[in-house]
Amino acid sequence: MTNIPSSPPAAATDAATQSSVPSRRSLLRATAAVGAAAGLSVVSKAGSARADEHAPTSAPHHRPSAATIVTAHGAFAESSSWDDVVSILQRHGHGVVSVAVPLRGVAFDATYFSDVVRTLPGPLVLVGHSYGGVVISSTPAAAGDIRGLVYVSGLAGDTGETSADLVGKYPGSTLGPTLTSVELTTGGHDLYIDQAKYHEQFCADLSNRKAAQMATSQRPILESAFTEPFGPHPLWKSVPSRFLWGELDRNIPRRAHQFMSRRAGAIEAIEVPGASHVVGISHPRLTAALIERAARAAARTR
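Residues numbered from 1 in each chain as written. Predicted model: local features only at pLDDT ≥ 70, side-chain atom pairs only at ≥ 80, totals over all residues. Heavy atoms only, no water.

## Points about the overall build of the chain
Broken down by element type, the chain carries 10 helices and 11 strands. When the 302 residues of the chain are sorted by exposure, 53% land in the buried category. Counting only carbon and sulfur atoms, one obtains 53% of the accessible surface of the chain, whose full area is about 12500 Å². (Helix = DSSP H or I, 4+ residues; strand = E, 2+ residues; numbered from the N terminus. Buried < 20%, exposed > 50% of the residue type's maximum accessible area, 1.4 Å probe, protein only. Areas by Shrake-Rupley, 256 points an atom, 1.4 Å probe, with all protein chains shown as cover.)

Written as structure tokens, this is what we have:
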């Protein structure tokens, strides 16, 4: 098991002090309660534990969280990519909104997402997959009572960085050669993953049928979005975060995920052995459990 040391963001400092040991132990117990058989690497401020995505799907005996969960999908996917996770969260009594991200650029997408967030009751937990991590990172703190962030194979960039910077920071991404483009009459290009290459590149741990369906319905992203810098106040610097990614992510190298989670001082950082870029689809129960822990923590700090 690889320990990923982390330093908490300013807003999470109290959670890292000795006086908060009971809550840290509670977090560890919650992590361990997911199971102990799948060999997942789990790192948190409370220490290390084992987790299992094959945990029972029945709801645990706890009061529904008062937090609202808001998800942002990434490029080459759509809001329905969250459906399995959302079903679990709703079954357990959580309120969830899956936002359809325009994928037109960092500032544009963050503004659109923030407009939705402003309409929702708090406390709030924002969840982003892949480029959706860019969106939640770039959401202004004033958009709502945001108490937690969850990055599911998500990009957590710093001021001035771009998605391209983060993806290329470490070797391993094979995304570039799989892309195809459509020239827009309004200017610029929309990027897609070639349908023939989609399964291997994007979601190798899903069935052929599911991959073909996703390849057909994938949402394109404006090419310039990958080179547009993050804004001046990344939300992970002030809001506690959790990270989950697949060991065999071919879009964003695992070392990049490790780097981002360490830099953000993640409360939990989970690498799933053998999982692809769409770990939220291939391991929905594990993903939902992580989001639930963020939601319960958000409700406690209300």
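## Notes on the pattern of salt bridges
This model, assessed by the stated rule, comprises eight salt bridges. Here Asp115 makes a salt bridge to Arg118, at a shortest N to O gap of 3.4 Å. The class of Asp115 is partly exposed, set by a relative accessible area of 43%. For Arg254, the salt bridge is made with Glu271, and the minimal N-O distance between the two is 2.7 Å. Of this pair, Arg254 sits in helix 8 (residues 254-263) while Glu271 sits in strand 11 (residues 268-272), and the two are 17 residues apart along the sequence. (Salt bridge = Lys/Arg side-chain N within 4 Å of Asp/Glu carboxyl O.)

## What about unusual backbone geometry?
A cis amide bond, omega 0 degrees, links Gly122 with the succeeding residue Pro123. Turning to its location among the elements, Pro123 is positioned in the loop between helix 3 (106-117) and strand 5 (124-129). For Leu103, which is not glycine, the phi dihedral falls at a positive 60 degrees. Tracing the backbone through its elements, the reader meets Leu103 in the loop between strand 4 (95-99) and helix 3. The buried category is assigned to Leu103, whose relative accessible area is 0%. Its identity is not glycine, yet Ser130 carries a phi of approximately 55 degrees, on the positive side.

## Regarding the sheet that holds strand 7 (residues 179-183)
Spatial ordering of the open sheet is given by 7-8-9, a layout of three strands whose pairing is antiparallel. At either margin of the open sheet sits one strand with a lone partner, and together these are strand 7 and strand 9 (221-222). By the bridge criterion, two bridges tie strand 8 (residues 189-193) to strand 9 in an arrangement that is antiparallel. From the neighbouring strand, Asp190 faces strand 9, where its bridge partner is Leu222. (Pairing = 2+ DSSP bridges.)

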